[in-house]
Structures are given as C-alpha cells and as structure tokens.
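Below are the chains, spelled out letter by letter.
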Amino acid sequence: MGDLLLVRHGETEWSLSGRHTGSTDVPLTDNGREHARRLAPLIARHHIAAAFVSPMSRARETAQLAGIGGARVDADLSEWDYGGYEGITTVEIHRERPDWFLFTDGVTAGPPEHPGESPEQVGARAERMLAKIDAALAESEGSVVVVSHGHFLRVLTARRLGLTAQSGALFQLGTGTMSRLSTEHRRHVVAGWNVRPDAYCSHGPLTPAGEAPEQR
C-alpha cells in the first residue's frame, strides 16, 4: 500500500493573525503562494495515484501551485466548523473562557448554516475521508495526497493512527507543509511530519514550519 501525503494549505492573512478560519474563504498571501510552489519538488518525488482537495480556494490554489493535478474536491476535507468562534483568535476566546481548548471543548454554536462541530463530529468526518483514501490506495500502487487544513488534518492523522480525535492536539502542523503517513509491519506510522523543502525564497526568509499561530 502506498503512503498518505498530507498537505496543509499555504499562509493566509487569517492564519498569520491566528484567527480561526473554517468556512470563511480567505485567499493565500503572496508568501503562502510561494510556500505552495516550493512544495512541488517534494511532492514530485512520489508517484501520486489519487489526489483530494478541500473546496476552499486556499486549498485548491495550494494544490495547483504545488503541481497536484486532477485533485477531486471533497467537502469532507473542509476545516473544522468553528461555529461562533469563526474569525476569532484563541486569545480573544480565553478572555471569556480561560481554560478553553478546541480539541476537548469544541466550539460555541454558530448560525444555522455553520452551527459548529464537536471533536467527535470532526473525527467522524475524518473516518469517512479515510475510507475514500483507502479505496483509492487499494486501486493503485501509488500514494494518495490530500490538501486540506491544519486542525482537520491533525484529527485525520490521529484517527489514522488509531487515536481519538482529541489526540489531534499532539500534531502541530504549519502552513505550506507536507507530512507523510506510511505503514510499518502493517501498522500506520508517521514517516515524515511538518516538512517544508526550502526555508527561503527570493524575497527573504519564509515563516518556519510550526511557528504560525495555533488557530486556522
């Protein structure tokens, strides 16, 4: 069975400022586009059998710039529905709820079209996505790449490894990075995490992976 490659979209103004970005379609920054382009050689090292991408433009543009062609848009790859916390930073939330933590507490209710998701609901969505990924892996000897969002990919990773959705908190993930989940002795393992192929571009240093604020 091939590997599962996880690509988190490039930087946006909201990821840079730490605002929770779920359903809001915030575009990539110029720096984020450069992050995406520099992923292309890293991804090109793998034989890609299938690709899936979130409906959000920040993910679709990242896929295009990273040279991932023919990616199937799948709503199950959307970011955590933050409900009433959409566009709000953790610092702001802690003023009202000092002990709040997304991966255990979920979010406050939002409008009917975006009511918010619990960790368990995001975990169930990750399970659906993993079933589609496994079907694609079974049809080919190549790898599958998905382009999605920070918090969702962390939950997806936890469920792939047989951990709870809440355990996604253990996997910090920077913008514009690629991670690789593989197998060892028929067990799922992390083979590479939070990888950015080049820390510099023509207009100066890029933000190192993992230094972006926690919220997406």
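Enquirer: Give me the lowdown on the packing of aromatic side chains, citing residues and values where you can.
Expert: Inspection of the entire model under this criterion finds four aromatic pairs. With a centroid separation of 5.3 Å and an interplanar angle of 75°, the aromatic rings of Y85 and W100 are classed as edge-to-face. With Y85 in the loop between β3 (72-73) and α4 (90-96) and W100 in the loop between α4 and α5 (102-105), this pair connects stretches of sequence that are 15 residues apart. W100 shares its class with Y85; the two are buried. Between the aromatic rings of F101 and F103, the centroid separation amounts to 5.8 Å while the plane-to-plane angle is 50°, which identifies the pairing as tilted. On the accessibility criterion, F101 (33% relative accessible area) is partly exposed.

Enquirer: Give me the side chain of R196: which residues, what numbers.
Expert: Within the secondary structure, R196 sits in the loop between β6 (187-195) and β7 (200-201). Salt bridges are absent for the buried R196, whose nearest opposite-charge side chain, E11, sits at 7.4 Å. Polar side-chain contacts of R196 include one of 3.5 Å to the backbone oxygen of G176.

Enquirer: Break down the pattern of salt bridges for me, citing the residues and quoting the values.
Expert: The final tally for this structure, using the stated rule, is 11 salt bridges. A salt bridge links R38 to E34; its shortest N-O distance comes to 2.8 Å. Of this pair, R38 and E34 both sit in helix α2 (residues 30-44), separated by four residues, roughly a single helical turn. Residue E34 is classed as buried on the basis of its relative accessible area of 14%. In this structure, R125 and E117 form a salt bridge, with 2.8 Å as the shortest nitrogen-oxygen distance. The buried category is assigned to R125, whose relative accessible area is 7%. Given the relative accessible area of 15%, E117 is considered buried. Linked through salt bridges whose partners overlap, the residues forming this network are D74, D76, R128 and K132.

Enquirer: Can you tell me about the confidence of the model for the chain, naming the residues and giving the values?
Expert: Scored by pLDDT, the chain has a mean of 92; 91% of the residues are at 70 or more. Segment residues 199-216 is flagged for pLDDT under 50; beyond a separation of four residues in sequence, or across chains, it makes 52 contacts in the model.

Enquirer: Which residues make up the sheet that holds β6, and what values do they have?
Expert: With mixed pairing, six strands are arranged side by side in an open sheet as β3-β2-β4-β1-β5-β6. What marks the edges here is a single partner per strand, and that holds for β3 and β6. Sheet topology note: the strand β1 (residues 4-8)/strand β5 (residues 178-184) ladder contains four bridges and is antiparallel. The residue of β5 that forms the bridge with L5 is R180. The strands that helix α7 (residues 150-160) touches are β1, β4 (143-148), β5 and β6; relative to β1, the one it contacts most, it runs at about 160°.

Basis of the calculations
Residues numbered from 1 in each chain as written. Predicted model: local features only at pLDDT ≥ 70, side-chain atom pairs only at ≥ 80, totals over all residues. Heavy atoms only, no water. Phe/Tyr/Trp six-rings, centres within 6.5 Å; stacked < 30°, edge-to-face > 60°. Helix = DSSP H or I, 4+ residues; strand = E, 2+ residues; numbered from the N terminus. Buried < 20%, exposed > 50% of the residue type's maximum accessible area, 1.4 Å probe, protein only. Lys, Arg positive; Asp, Glu negative; His and termini not counted. Salt bridge = Lys/Arg side-chain N within 4 Å of Asp/Glu carboxyl O. Polar contact = N/O pair within 3.5 Å; in protein donor to acceptor, adjacent residues only side chain to side chain. pLDDT = per-residue confidence, 0-100. Contact = heavy atoms within 4.5 Å. Pairing = 2+ DSSP bridges. Axes fitted to C-alpha atoms, helices over the stretch in contact; angles between N-to-C directions.

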